[in-house]
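As a plain string of letters, each chain reads:
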Amino acid sequence: MADSGAAAAWHQRALAEITRWPWLQKVNDRATAVVDPVYDRFRSNPVLELMHGGRWLGHSLHPALSDLPIGFWSASVLLDSAGQDVAPRGRRLDPSSTLSAAGLAAAAATAATGWVDWSVSDGEDRRVGLFHGLLNVAGVSLQGASLAARLSGHRPTGRALGAASLGVTVVAAYIGGHLVQGRAVMVNRVATTTGPTRWVRAVAEEDLPTDGVTGVEVEGRHVLLARRDGEVHAIDDVCSHAGALLHRGETDDCTVTCPLHFSVFDLRDGRIVRGPAHHPQPVLPARVRKGWIEVRGSAPAPRSRRPAD
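The notes below deal with the structure included here. For clarity, every value in this text was computed on a predicted model and none was experimentally measured. (Residues numbered from 1 in each chain as written. Predicted model: local features only at pLDDT ≥ 70, side-chain atom pairs only at ≥ 80, totals over all residues. Heavy atoms only, no water.)

A closer look at the pairing of strand E4 (residues 231–236)
Next, step 1: Within E4, five of the six residues are buried, leaving the element largely enclosed by the surrounding structure.
Next, step 2: Here strand E3 (residues 221–228) folds back onto E4, and the loop between the two strands holds two residues, one of which, Asp229, carries a positive phi near 55 degrees.
Next, step 3: Direction of pairing for E4 relative to strand E9 (residues 283–284): antiparallel, over a ladder of two bridges. Paired with Ala234 across the bridge in E9 is Leu284. (Buried < 20%, exposed > 50% of the residue type's maximum accessible area, 1.4 Å probe, protein only. Helix = DSSP H or I, 4+ residues; strand = E, 2+ residues; numbered from the N terminus. Pairing = 2+ DSSP bridges.)

Put into structure tokens, the structure is as follows:
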């Protein structure tokens, strides 16, 4: 059983080792020094937010686009294997070359959105994401060489390079899957937070001044409390994008800015005012009772009614 467990965790050890490579850390630092100032300059641009997917799509755009080059290049290899990579008379592009070119065009859009998502990652996630991106660059380069070989009449070379490109791209896709499912990058960090199921005292009313904001923990759930125009509002304090505590960020009128990646949320209803966040902040009912501010998460389940006799 121990050997079986060790075998099942090989990918975790491999990726942990990759993130410790000195050359990858150096490339990561240099890329960060170039990319971060550019991203910070255009952070408020709606086009940049749309490239994230943001509030309009509800999730990152990059994973959806990544299916296109993989699909095109897989079909190209399949046609190569079936001997269907011969161009019709009078045409330069054969079916396999057409699919290769379409995949390269899709890869450009995929890379652009991937770069935007990488710009709002941190630490080990950023290093793994960089390795994922470098593998994709290698895959695109091989595919470009494959297309050039096909167009110049060197079909066997084009087939071999196309197959190699697909292999590298599949490895890159595997690492991308690890980022999402293993590292929880770009997932909703508050999707499963529901409690408490009853009214619970959060903070004394006097401790939340007019236009004040505070973060509290209620039965294990982090909650941000805000008083605006005489009303008390409560939203989840854990940012849905990357898990930072929102009460540590700056507030402006009825909004709060995440201190990590600068998503902006409305304090009253949790809606996204500006990305890169994809999911709004859950709202908790709040009330003032006997000098205390109380909150509640999910509404209590209704009592089941006994069927009439």
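Quick look at the state of the cysteines
A covalent bond between the sulfur atoms of two cysteines is referred to as a disulfide.
Next, step 1: For the structure on display, the rule yields zero disulfides.
Next, step 2: Not engaged in a disulfide, the cysteine Cys258 finds its nearest cysteine sulfur in Cys239; these two sulfurs lie 3.9 Å apart.
Next, step 3: Exposure remark for Cys258: the relative accessible area of 3% places this residue in the buried category. (Disulfide = S-S within 2.5 Å.)

Regarding the sheet that holds E3
Next, step 1: Ordered in space as E2-E3-E4-E9, the four strands form an open sheet in which the pairing is antiparallel. One side of each edge strand has no neighbouring strand; the edge strands of this open sheet are strand E2 (213–218) and E9.
Next, step 2: In this sheet, E4 lies alongside E3 in antiparallel orientation, the contact comprising six bridges. The residue of E4 that forms the bridge with Ala226 is His233.

Section: the sheet that holds strand E1 (residues 200–204)
Next, step 1: Here we have three strands laid out as an open sheet, ordered E1-E11-E10, and antiparallel in their pairing. Here the strands that pair on one side only, and so sit at the sheet edges, are E1 and strand E10 (286–289). Within the sheet, the average angular offset between the axes of one strand and its neighbour, ignoring direction, is 35 degrees.
Next, step 2: By the bridge criterion, four bridges tie E1 to strand E11 (residues 292–295) in an arrangement that is antiparallel. Across the sheet, the residue bridging to Val203 is Ile293, located in E11. (Axes fitted to C-alpha atoms, helices over the stretch in contact; angles between N-to-C directions.)

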